[in-house]
Amino acid sequence: MTERIVVGAALLDGGCLLAARRSAPAELAGRWELPGGKVEPGETPEAALVRELREELGVAAEAGGRVPGQWPLRAPFVLQVWTARLRPGSAAPAPLEDHDELRWLTPGQIWDVPWLDQDVPAVERVLAHLGLEAGTGRNGTGPG
Ligand SMILES: Nc1nc2c([nH]c(=O)n2[C@H]2C[C@H](O)[C@@H](COP(=O)(O)OP(=O)(O)OP(=O)(O)O)O2)c(=O)[nH]1
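Residues numbered from 1 in each chain as written. Predicted model: local features only at pLDDT ≥ 70, side-chain atom pairs only at ≥ 80, totals over all residues. Heavy atoms only, no water.

Looking at an unreviewed UniProt entry, one finds the protein named 8-oxo-dGTP diphosphatase and attributed to Streptomyces violaceolatus. On record in UniProt, under Cofactor (unreviewed entry), the comment for the protein is "Mg(2+)". UniProt's Sequence similarities (unreviewed entry) comment on the protein is quoted here verbatim: "Belongs to the Nudix hydrolase family." (UniProt positions renumbered as here; feature names shortened; annotations may be inferred.)

Printed below as a string of structure tokens:
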């Protein structure tokens, strides 16, 4: 089966990461994810990311760099992650579609929300990629 990419945005602002709580489907509702969605045929992941953030959050965003790695979702989907930021003058994110709550998390707050299980290794990689992992361990060994 051909792999299909779901792009997740590590949307960063002022050193915080945006997390979004899914409102649907039922099996994912209440868990937190990186906003984003499926890359459509003929679309680049970066373009899909910008489109999804506009549709889901009402923001004007731009993709930064890819966070190395990919994580399996329900077949045939795999999660790939890009950093992203809001363009100057963008509206603030709002949960317009698929989500019922958004939170900007400081590095010390990242593990305060119940991420989708399949997102946990991706979020860990985002933190490592950004050099933010020290002191934010999920096992509570760090200061913060
Ligand atoms: N956006 C996003 N989706 C994720 C993550 N982790 C994860 O398992 N998923 C799953 C949830 C969905 O089954 C699928 C993405 O679909 P979606 O519903 O967000 O994307 P979409 O807007 O393109 O979907 P569609 O309505 O066109 O079908 O991947 C994540 O971190 N971000």
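**Student:** I'd like to hear about the side chain of glutamate 33, residue by residue, with values.
**Tutor:** Looking at the element boundaries, glutamate 33 is found in strand β3 (residues 32–33). Accessibility expressed as a relative area gives 7% for glutamate 33, which makes it buried. Side-chain polar atoms of glutamate 33 contact the side chain of histidine 99, separated by 2.7 Å. In this structure, glutamate 33 is in contact with Ala19, Ala20, Arg22, His99, Trp115, Leu116 and Asp119, ignoring residues within four places of it in sequence. (Helix = DSSP H or I, 4+ residues; strand = E, 2+ residues; numbered from the N terminus. Buried < 20%, exposed > 50% of the residue type's maximum accessible area, 1.4 Å probe, protein only. Polar contact = N/O pair within 3.5 Å; in protein donor to acceptor, adjacent residues only side chain to side chain. Contact = heavy atoms within 4.5 Å.)

**Student:** So, the environment of leucine 73: which residues are in play, and what are the values?
**Tutor:** When you line up the elements, leucine 73 lands in the loop between β5 (61–72) and β6 (77–86). Along the sequence, leucine 73 and glutamine 118 sit 45 residues apart, while their C-alpha atoms lie 6.6 Å from each other. Not counting residues up to four positions away in its chain, the partners in contact with leucine 73 are Val6, Val78, Leu79 and Gln118.

**Student:** I'd like a description of the UniProt feature "domain: Nudix hydrolase" (unreviewed entry) in the protein, backed by residues and values.
**Tutor:** In this structure's numbering, the residues bearing the UniProt feature "domain: Nudix hydrolase" (unreviewed entry) are residues 2–133. Secondary structure content for residues 2–133 is 18% helix and 39% strand, and the end C-alpha separation is 33 Å.

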